[in-house]
Amino acid sequence: MSIYKHSYRAYMGTLTPHWSRIVVLARYALAEAWSSKITIALFTFSMLPAIVYLVGIYLANNPLASALILRGNKTGLSIDAAYFLKMLEGQSWLALAITAWIAPRLITFDLADNALPILLSHPISRFGYVFGKFLALIASLSLVTWIPCLLLFAYQAYSSPQPWTWDHLSIAGGLLTGSLIWIALLSILGLALSSWVKWRVVATGIIFAAVFVPAGVGGIVSAVMRTKWGLLLNLPVMMTEIWQRLLGAPSVMRPRQDLPNQAMATMLVLACLVSVAMLNARVRAREVVRG
Amino acid sequence: MGIIDMNGLEVRLGGRTVLNGLTGELKGQAVGLLGPNGAGKSTLINTLLGFHPPSKGSASVFGLDAHRDRARIREGVGYMPENDSFIGNMNGVRFVRYMAELAGLPAGEALERAHEALFYVGLGEARYRKINTYSLGMKQLVKLAQALAHGPKLLILDEPTNGLDPMARQRMIQTIQEIRKEGSIRLLISSHLLRDIDETCDEVLILKDGRIAALSNIEEERRSNRNFMELETVGAIEQFSVKVRGLGCECAIYPGGRIKLVMPEQIVARDLYRVAADEGVQIRRMHLRRDSLEDIFLRAMENGPATDGGQLTNVDL
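Residues numbered from 1 in each chain as written. Chains lettered and ligands numbered in written order. Predicted model: local features only at pLDDT ≥ 70, side-chain atom pairs only at ≥ 80, totals over all residues. Heavy atoms only, no water.

What follows concerns the overall build of chain A. A count of helices and strands for chain A gives eleven helices and zero strands. The principal-axis extent of the C-alpha atoms belonging to chain A is close to 80 × 55 × 30 Å. Taken across its 291 residues, chain A has 47% of its residues classed as buried. Nonlocal contacts in chain A, meaning residues at least 24 apart in sequence, comprise 76% of its contacts between residues at least 6 apart. Split by element, the accessible area of chain A, about 14200 Å² in all, is 70% carbon and sulfur. (Helix = DSSP H or I, 4+ residues; strand = E, 2+ residues; numbered from the N terminus. Buried < 20%, exposed > 50% of the residue type's maximum accessible area, 1.4 Å probe, protein only. Contact = heavy atoms within 4.5 Å. Areas by Shrake-Rupley, 256 points an atom, 1.4 Å probe, with all protein chains shown as cover.)

Have a look at this one:
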């Protein structure tokens, strides 16, 4: 089949391995996500806090600059687990905003135009399809979460005049683990919610609502029932607790409101399972008519 | 071994048996899939693509199990679904390239063949336009292009002329005929339009209520049929009919010089003209009628599905 002849020729070349089809999906999903100027704007905006924290580390480790700018006042500039916790929290909530924008772009275009029958008629499974999109989202969110956090950790390790790194290595582990838990949860939740809505704007709203509405409900439950268990519905509080424990930062919760690790892990696993069930119901090549 | 084999294939969806014990072998270059709404045509296609697991029996494509080896089957299959199915905010080239890469072509090859496939189906000039700006006919063509781009061994077309105007339909039919003529691709074409199947296929599988009503080689069926001829004549038709009977034709005379003939295979219209000239009879009108696919289809519908659980039955024509 050549353009000038307009005739058909069979393909005789080699085929790529099966696993690489997931990479193809991820590559096209990334291109789709980053083709939007709003994505670029959100990403740029999400780098601003990282720059502020970078300056903070610079000032904390540079006595001359610190003396000139802070005039010797170093309050709040000790570079420790609490410092990185604040940074991780900020970056994580920016990651939520990016998820709410990107995740619908990855799925709703396919659903709105009924592309799944064609996509899944190729040698790619439903799991492969979702996993490809998941990888694209994880890669995008990594750019605003654990990558800048670990880069700043590395900068702090480099800048610190005292031996600092080995004593604080758990912070790096916490940053990586905490970020990965959060972006994996956001990715699967974002894809699942997007798969049920054909309009992107609505999907964006639903993703925010899925995080904050249960938090409100959990608050009401806690207040009415006078129990701490309502906090299990409060994703912001629960994640802050998880990050704080992973980084080894001082707790911000009142002593009686501490949630057990098992309960928090169970809630996260439940949220993921519900998301998987939602994706399983929606990502199909054909609707099955019952009855 | 045929390109598609079915062995007691049964598919149940939502508690309902949609395909009921299909057994048969499809080995034509282009196989038409006919049947009324709800007969199971699309379900059969989806089962061959591995979307639905058989509840009983099995189906195989290229000798590979349709469910167990679905990834390998899909590598060699191009599928054009019935309904709109594309990514509207991609342009034609990007969409076809994406599908070719998913089918296993390296990125460079996929891009090259995406351009070629779009030119081949006639969308060369529109290939950089976003698909959601395409007309219905162009959307059908871009679906065909993506099904062809990776060089499949089997092309499955579900209602390829759905919603097309006569010109676009003709172009689609011509393209399908060219693909068939080229010879390296087998075709499975599902359509409600008997004419589409008639013009493009050499074998037809007719489904009714999830069972096989008929599986026929269209060309062979036609060849085995006798030719019916209707004549309007002026002149000595009695003598003419005697001579025509002498050629081996069955002949019936009606008032007004009308004659109906059943001609044996070796007799052609020229022989009738010759006899008419000899007898001084004018042939004012001549109408040759062969059994059409419509006749085959209607007979299959009247006969109904085979009573032995969908076992392949050739229609007695």
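From this point, the narrative continues.
Turning our attention to the overall build of chain B. Secondary structure summary: chain B contains eleven helices and 14 strands in total. When each of the 317 residues of chain B is scored for burial, the buried share is 56%. Sequence separation of 24 or more characterises 67% of the internal contacts of chain B that already satisfy a separation of 6 or more. Of the roughly 13200 Å² of accessible surface on chain B, 46% is carried by carbon and sulfur atoms. Each charge sign in chain B was given a centre, from 40 positive and 41 negative side chains, and these centres are 3 Å apart. (Lys, Arg positive; Asp, Glu negative; His and termini not counted. Charge placed at Lys NZ, Arg CZ, Asp CG, Glu CD.)

The next thing to look at is the packing of aromatic side chains. Residue and element names in this part refer to chain A. With the rule as written, the count across this model stands at 13 aromatic pairs over all chains. Centroid distance Phe84 to Phe153: 5.9 Å. Interplanar angle 55 degrees. Geometry classified as tilted. With a gap of 69 residues between them, Phe84 in helix 4 (residues 81-112) and Phe153 in helix 7 (residues 146-159) connect regions that are remote in the sequence. In this structure, Phe84 and Phe153 share a single accessibility class: buried. Chaining the aromatic ring pairs together yields one cluster made of Tyr53, Tyr83, Phe84, Phe153 and Trp164. (Phe/Tyr/Trp six-rings, centres within 6.5 Å; stacked < 30°, edge-to-face > 60°.)

With 49 residues of chain B in contact, the opposing surface of chain A contributes 40 residues. When the two sides are added together, the surface that chain B and chain A hide from each other amounts to roughly 4100 Å², 59% of it contributed by carbon and sulfur. For the chain B face of the interface with chain A, the top three residues by lost area are Tyr98, Leu102 and Arg113 of chain B, together amounting to 15%. Counting the contacts that link chain B with chain A gives two salt bridges. Contributing elements (two or more residues each) for the side of chain B that touches chain A: helix 2 (70-75), helix 3 (92-102), helix 4 (107-121) and helix 5 (136-148) of chain B. For the side of chain B that touches chain A, the element with the most residues is helix 4 of chain B, which contributes nine residues. (Buried area = accessible area lost by both parts, 1.4 Å probe. Salt bridge = Lys/Arg side-chain N within 4 Å of Asp/Glu carboxyl O.)

The next thing to look at is a nonpolar patch on the surface. All names here are of chain A. Taken together, the side chains of Val213, Val217, Ile220, Val221, Val224, Met225 and Leu233 make up a nonpolar region of the molecular surface, amounting to roughly 630 Å² of accessible area. Within the secondary structure layout, Leu233 lies in the loop between helix 9 (200-225) and helix 10 (235-247). For Leu233, a relative accessible area of 34% corresponds to the partly exposed category. (Patch = residues over 30% accessible without salt bridge, like charges linked within 9 Å, V, L, I, M, F, W, Y side chains within 5 Å.)

Moving on, we get to the pattern of salt bridges. All names here are of chain B. Within the structure shown, the criterion is met by 17 salt bridges over all chains. In this structure, Glu230 and Lys260 form a salt bridge, with 4.0 Å as the shortest nitrogen-oxygen distance. With a gap of 30 residues between them, Glu230 in strand 11 (residues 227-234) and Lys260 in strand 13 (residues 258-263) connect regions that are remote in the sequence. The partly exposed category is assigned to Lys260, whose relative accessible area is 36%. The shortest N-O distance in the salt bridge between Arg285 and Glu230 comes to 4.0 Å. Taken together, the residues span a long stretch of sequence, with Arg285 in strand 14 (residues 282-289) and Glu230 in strand 11 at a distance of 55 residues. Salt bridges here are not isolated pairs; linked through shared partners, they connect Arg169, Arg195, Asp196 and Glu199.

Before going further, it helps to examine the sheet that holds strand 10 (residues 211-217) of chain B. Residue and element names in this part refer to chain B. Within the open sheet, the six strands sit side by side as 6-7-8-3-9-10. Their pairing is mixed. At either margin of the open sheet sits one strand with a lone partner, and together these are strand 6 (77-80) and strand 10. The average undirected angle you get between the axes of adjacent strands in this sheet is 15 degrees. With five bridges connecting them, strand 7 (residues 154-158) and strand 8 (residues 186-190) associate as parallel partners. For Ile156, the partnering residue across the bridge sits in strand 8 and is Leu188. Sheet strands in contact with helix 5 are strand 6 and strand 7, and its direction is about 170 degrees off that of strand 6. Sheet contacts for helix 6 (residues 166-182): strand 3 (30-34), strand 6, strand 7 and strand 8; angle to strand 8, the most-contacted strand, approximately 150 degrees. (Pairing = 2+ DSSP bridges. Axes fitted to C-alpha atoms, helices over the stretch in contact; angles between N-to-C directions.)

Judged by nonpolar contacts, the single largest core of 167 residues is most densely connected at Phe84 of chain A together with Met6, Leu44, Phe95, Tyr98 and Ile206 of chain B. Setting aside anything within four residues of it in sequence, one finds Ile206 of chain B in contact with Leu34, Arg211, Ile212, Ala213, Ala214, Ile296, Phe297, Ala300 and Met301 of chain B. Val244, Ile259, Ala276 and Val281 of chain B belong to the second-largest nonpolar core, a separate cluster that totals 16 residues. (Core = buried A, V, L, I, M, F, W, Y, C linked by side-chain atoms within 4.5 Å.)

All names here are of chain B. By the alternation rule, side chains of strand 6 split into Val77 and Tyr79 and Gly78 and Met80, which are all buried. Taken together, the four bridges between strand 6 and strand 7 define a ladder with parallel strand orientation. Among the inter-strand pairings, Gly78 is bridged to a residue of strand 7, identified as Leu155.

This part covers helix 5 of chain B. A rise of 1.5 Å per residue sets the reference length of helix 5 of chain B, with its 13 residues, at 18 Å; its end C-alpha atoms lie 19 Å apart and thus fit the reference within 8%. Of all 13 residues making up helix 5 of chain B, twelve are buried, and the element is well covered by its neighbours. Gly137, Met138, Lys139, Gln140, Leu141, Val142, Lys143, Leu144, Ala145, Gln146, Ala147 and Leu148 of chain B are the residues of helix 5 of chain B that are buried. Next to the buried residues of helix 5 of chain B lie helix 5 (116-120) of chain A together with strand 6, helix 3, helix 4, strand 7 and helix 6 of chain B. (Expected span 1.5 Å × (residues − 1).)

What follows is about unusual backbone geometry. The residue Arg226 of chain A is not glycine, and still its phi comes out positive at about 50 degrees. Assignment of secondary structure puts Arg226 of chain A in the loop between helix 9 and helix 10. The phi angle at Glu159 of chain B is positive, at roughly 50 degrees, despite the residue not being glycine. On the secondary structure map, Glu159 of chain B appears in the loop between strand 7 and helix 6.

The next subject is the environment of Ser194 of chain A. Inspection of the secondary structure assignment puts Ser194 of chain A in helix 8 (residues 169-195). With a relative accessible area of 0%, Ser194 of chain A lands in the buried category.

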